[in-house]
Amino acid sequence: MTIPFTSADWNALVPIAIVAVAALLVLVVDLFVRGYAPRYVSIGIGLIGGIAAGVVVAGQFGHNYNAFFGGFMTGGFTSVFEEIVLLALLGSLILYGAIGTPDRVAGTTALMLWSTCGAMLMAGAANLMTIFLGLELLSLSLYCLCGMVDRKTAREAALKYLILSSTATGFMLYGMALLFGATGSVMLADFVNPALASSALFWMGGGMFLIGLAFKLSLVPFHTWAPDVYEGAPLPVTAFMSVATKAATLAVFARFLYAALPSGAAEKLLLPMWIVAGISMIVGNAGMLAQHDLKRLLAYSGIAQAGYILTAMAGGSALGLRYAMFYLTAYTFMNLGAFAVAAVISNDGEQGSRLTSYEGLAHRRPLLATAMTIFLLALAGLPPTAGFLGKILILSSSVSAGYDWMAALLIAGTAISLYAYGKTIFAMYARPRHEPHDPKPCAPLAWASVVICAVAVIAMTFYPLTPSNILPLVK
Amino acid sequence: MPVAIGNYIALSSVMFFIGVAGVLLRRNPLVMLMSIELMFNAANLLFMAFARAWLANAGQVFAFLVITVAAAEAAIGLAIVVTTFRSEKNVDVDEIRLLRG
């Protein structure tokens with residue numbers, strides 16, 4: 001008797017396996033390398049693994065495989081989300097190489113690689129079991145990563161994240177059990193059955209499943225963990241978490257929305273999700289006004305950004321999903337870039353997260369201030385950055401899907417956010433502060449990621465203006 | 001003796017809400033972790049009951065998966081709680097509040 005193992009299974013497995021094996025390699029090699037080298041060896045292996053997986057995933061664009069009896073889909077939007085997660089991995093590994101503490105490099109690198117595996121698994125999951133496994137691999141690694149530095153706030157962040165996130169996972173798991181009860185199947189593809197629209201188990205299960213997703217996306221009633229955890233966690237971990245968790249959860253949500261809902265039920269079941277996204281755009285942006293710490297500022301910004309991306313998906317059009325992926329890619333670059341600036345400003349990354357250390361930055365380090373301005377403008381959604389184009393695309397898709405009120409909330413949220421971002425930019429240029437020039441050499445690796453992110457944020461503005469993307473704007 | 005599926009659903013939802021209440025009301029991180037385990041096990045019970053009702057093996061496999069993952073989660077959770085206790089000498093989450101949302 002043989003067990004079928006198709007090329008589709010192989011294709012699905014390879015990128016994730018590369019990352020997982022790289023993590024094991026990091027740990028094993030660390031046993032044999034001593035002295036000052038481990039830092040660069042571990043991060044080097046991690047970077048090579050991430051790039052190799054990225055190349056393999058890039059080769060899968062446009063090819064749709066249905067692997068492991070439908071439990072995992074490759075190609076399609078899976079590839080895009082996997083690339084975004086890998087991008088977050090590379091960016092945060094570089095930041096870690098630039099500012100991380102040297103004593104726990106191997107463990108941190110391995111955990112980052114493993115949580116990437118979890119996020120990639122979620123990106124392609126088409127089966128409740130795969131979703132759960134990916135989610136737990138991502139989250140469990142992140143709990144550890146939060147507590148990987150010897151700091152009181154880091155330990156507190158780890159504990160808070162552990163308790164709150166596990167509770168949300170509990171809700172999601174119970175929702176999955178109810179969904180299984182409604183259908184007798186764990187495959188998302190089996191949820192399309194229109195008879196389910198009248199099943200109470202399905203409605204309860206779907207609702208609890210969505211509560212779990214909303215928590216992971218830090219949407220508004222479930223957002224309070226995000227600022228605390230972002231502030232307490234080490235800077236590279238925050239950078240990774242802010243992008244990878246969002247990307248992976250959005251992939252699951254997209255799969256649920258686009259491939260797994262009975263036609264009549266979708267609008268009613270998802271309406272609370274859209275409302276929550278709308279409130280997030282207002283509350284997230286309003287929350288930024290009171291912050292004095294860059295990480296907290298970006299946490300509240302991330303709450304709003306998750307709302308923007310969901311706005312693109314509202315209505316469930318294929319174009320909306322493309323716009324959501326465009327905005328998520330742009331968000332990856334602007335967010336990683338902003339964190340990289342914080343890493344350049346101070347070698348430990350902690351001092352650089354206080355907003356007061358940006359006062360008069362333009363007079364001390366004009367180039368860095370320019371880069372930070374680009375990232376903040378992009379987060380605010382102003383031209384000439386990818387954030388502006390992304391927001392225009394999101395608005396067009398939500399209006400054409402009939403969700404005008406979400407578009408209105410998006411504009412209102414953006415207006416609020418302009419004040420918060422503008423305040424930071426103003427402080428960089430207008431307040432000269434005669435501090436002694438920081439004599440510490442800034443890490444060249446962190447500089448490199450600042451430059452790459454800034455170029456990407458500008459360049460993405462010009463990339464997708466093809467007729468097929470412009471046309472819906474005109475209509 | 002046939003038992004209606006509703007009984008299993010009722011028992012598991014009671015377990016689940018005891019777990020939720022534990023997380024919300026108790027202030028000791030260890031008890032909160034135990035309550036989370038209770039939530040996971042409520043889901044497990046439901047998976048097993050539905051697996052039998054539908055004669056679908058996927059539910060049983062899922063329950064084993066959850067047990068394994070919950071073990072990993074407990075290990076990591078206890079490690080985090082122990083490191084916190086070592087530094088804080090404190091077992092009340094209300095007292096751990098350097099960071100405020």
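Conventions adopted
Each chain carries its own residue numbering, running from 1 in the written order of its sequence. To read the labels, note that chains go from A and ligands from 1, taken in the order they are written. Selection of residues for local features in this predicted model requires a pLDDT of at least 70, selection of side-chain atom pairs for listing and counting requires 80 or more, and totals for whole chains, interfaces and linings are taken over all residues. Side-chain measures were taken over the full set of non-hydrogen atoms in the model, leaving aside hydrogen atoms and water. Numbered from the N terminus, helices here are DSSP runs of H or I no shorter than four residues, and strands are runs of E no shorter than two. Relative accessibility thresholds used throughout: buried, under 20% of the residue-type maximum; exposed, over 50%; partly exposed, between the two (1.4 Å probe, protein chains only). Note on contacts: a residue pair is in contact if any heavy atoms of the two residues lie within 4.5 Å. Using a 1.4 Å probe, accessible areas were evaluated by the Shrake-Rupley method; residue-level cover was limited to the displayed protein chains. Counting rule applied: Lys, Arg positive; Asp, Glu negative; His and chain ends not counted. Here the site of a charge means NZ on Lys, CZ on Arg, CG on Asp, or CD on Glu. Planes of paired rings set the category: under 30 degrees apart is stacked, over 60 is edge-to-face and the rest tilted, where pairs are Phe, Tyr or Trp rings (Trp by its six-membered ring) whose centres lie within 6.5 Å. Known as pLDDT, the predictor's confidence for each residue is given on a scale from 0 to 100. The rule is simple: put a 1 Å grid over the protein atoms alone, call a set of points where a 1.4 Å probe fits but cannot get out a cavity, call an open set with protein on both sides within 12 Å along at least five of seven lines a pocket, and count a residue as lining if it has an atom within 4 Å of a point. Grid points are joined across faces, edges and corners, and a volume is the space filled by probe spheres set on the points. Multiply 1.5 Å by the residue count of a helix minus one, and that product is the helix's expected span. Cysteine sulfur atoms that pair up within 2.5 Å are treated as a disulfide. Whenever a carboxyl oxygen of Asp or Glu lies within 4 Å of a side-chain nitrogen of Lys or Arg, that contact is scored as a salt bridge.

Visitor: Even after reading the chapter, I still don't get the overall build of chain A, so can you show me in this structure?
Guide: Assigned secondary structure in chain A consists of 18 helices and two strands. C-alpha extents for chain A along the principal axes are approximately 70 × 55 × 45 Å. Buried residues in chain A amount to 63% of all 475 residues. By sequence separation, contacts in chain A at least 24 residues apart represent 78% of the contacts at least 6 residues apart. A total accessible area of about 16300 Å² is found for chain A, and carbon and sulfur atoms account for 72% of it. Taken together, the 23 basic and 19 acidic charged side chains of chain A have centroids lying 5 Å from each other.

Visitor: Is there a simple way to think about the packing of aromatic side chains in this case?
Guide: Two measures describe an aromatic ring pair: the distance that separates the ring centres and the angle between the ring planes. Using the criterion set out here, one finds 20 aromatic pairs over all chains in the structure. On the basis of an interplanar angle of 65 degrees and a centroid distance of 6.5 Å, the ring pair of Phe132 of chain A and Phe40 of chain B is categorised as edge-to-face. Residue Phe132 of chain A is found in helix H5 (residues 128-146), and its partner Phe40 of chain B is found in helix H2 (residues 29-54); the two belong to separate chains. According to the relative accessible area criterion, Phe132 of chain A is buried, its value standing at 1%. Relative accessible area serves as the criterion here: at 1%, Phe40 of chain B is assigned to the buried category.

Visitor: Whenever I open this one, the environment of Ser35 of chain B confuses me. Can you help?
Guide: All names here are of chain B. Within the secondary structure, Ser35 sits in helix H2. Classification of Ser35 as buried rests on a relative accessible area of 8%. Between the alpha carbons of Ser35 and Leu24 there is a distance of 9.4 Å; along the sequence they are 11 residues apart. Excluding anything up to four places from it in sequence, Ser35 contacts Gly19, Gly22 and Val23.

Visitor: Can you help me understand the environment of Leu164 of chain A in this one?
Guide: Residue and element names in this part refer to chain A. Mapped onto the fold, Leu164 is located in helix H6 (residues 152-183). We classify Leu164 as partly exposed; its relative accessible area is 34%. Considered as a pair, Leu164 and Thr224 are 60 residues apart in the sequence and their alpha carbons are 9.6 Å apart. Ignoring anything within four residues of it in the chain, the contact list for Leu164 reads Phe215 and Trp225.

Visitor: Is there a simple way to think about the confidence of the model for chain A in this case?
Guide: Any segment with low pLDDT has predicted coordinates that should not be analysed in fine detail. All names here are of chain A. In this model, chain A carries a mean pLDDT of 87, and residues with pLDDT of at least 70 account for 92%. When mean pLDDT is compared element by element in chain A, H5 scores highest at 95, while helix H18 (residues 467-474) scores lowest at 47. Confidence drops under a pLDDT of 50 for residues 470-475, and excluding neighbours within four residues, the segment shows six contacts in the predicted structure.

Visitor: What exactly am I supposed to notice about empty space enclosed by the protein here?
Guide: Where empty space is left becomes clear once a probe the size of a water molecule has been rolled over the atoms. All names here are of chain A. Tallied over the full model, the rule gives two cavities of 30 Å³ or more. Empty space within the largest cavity amounts to approximately 40 Å³. Mapped onto the lining of the largest cavity, the elements with two or more residues apiece are helix H8 (225-232) and helix H9 (235-259). The leading source of residues in the lining of the largest cavity is H9, at four residues.

Visitor: Quick question: what am I supposed to make of helix H3 (residues 57-88) of chain B here?
Guide: Helical geometry: 3.6 residues make up each α-helical turn, so side chains three or four residues apart lie on a common side. The end-to-end C-alpha separation of H3 of chain B is 46 Å, in line with the 46 Å expected for 32 residues at 1.5 Å each. Along H3 of chain B, the residues that are buried comprise Gly59, Phe62, Ala63, Val66, Val69, Ala70, Glu73, Ile76, Gly77, Ile80, Val81 and Thr84 of chain B. Tucked inside the fold, the buried residues of H3 of chain B contact H5 and H6 of chain A together with H2 of chain B.

Visitor: What is the right way to read the state of the cysteines from this model?
Guide: Working definition: the covalent bond between the sulfur atoms of two cysteines is a disulfide. Here the structure, examined in full by the defined rule, presents zero disulfides over all chains. Between Cys117 of chain A, a cysteine without a disulfide, and Cys144 of chain A, which holds the nearest cysteine sulfur, the sulfur-to-sulfur distance is 15 Å.

Visitor: Help me understand the pattern of salt bridges in this model?
Guide: A side chain with one charge may pair with a side chain of the opposite charge, provided their charged atoms come close. All names here are of chain A. Evaluated as defined, the whole model comprises six salt bridges over all chains. Measuring nitrogen to oxygen at the nearest pair gives 3.3 Å for the salt bridge that ties Asp150 to Arg155. Take Asp150: its relative accessible area is 64%, and that puts it in the exposed class. A residue is classified by how much of its surface remains accessible, and Arg155, at 15% relative accessible area, is buried. With a closest N to O distance of 3.3 Å, Asp228 and Arg296 form a salt bridge. With Asp228 in helix H8 and Arg296 in helix H11 (residues 294-313), this pair connects stretches of sequence that are 68 residues apart. Given a relative accessible area of 4%, Asp228 falls into the buried group.

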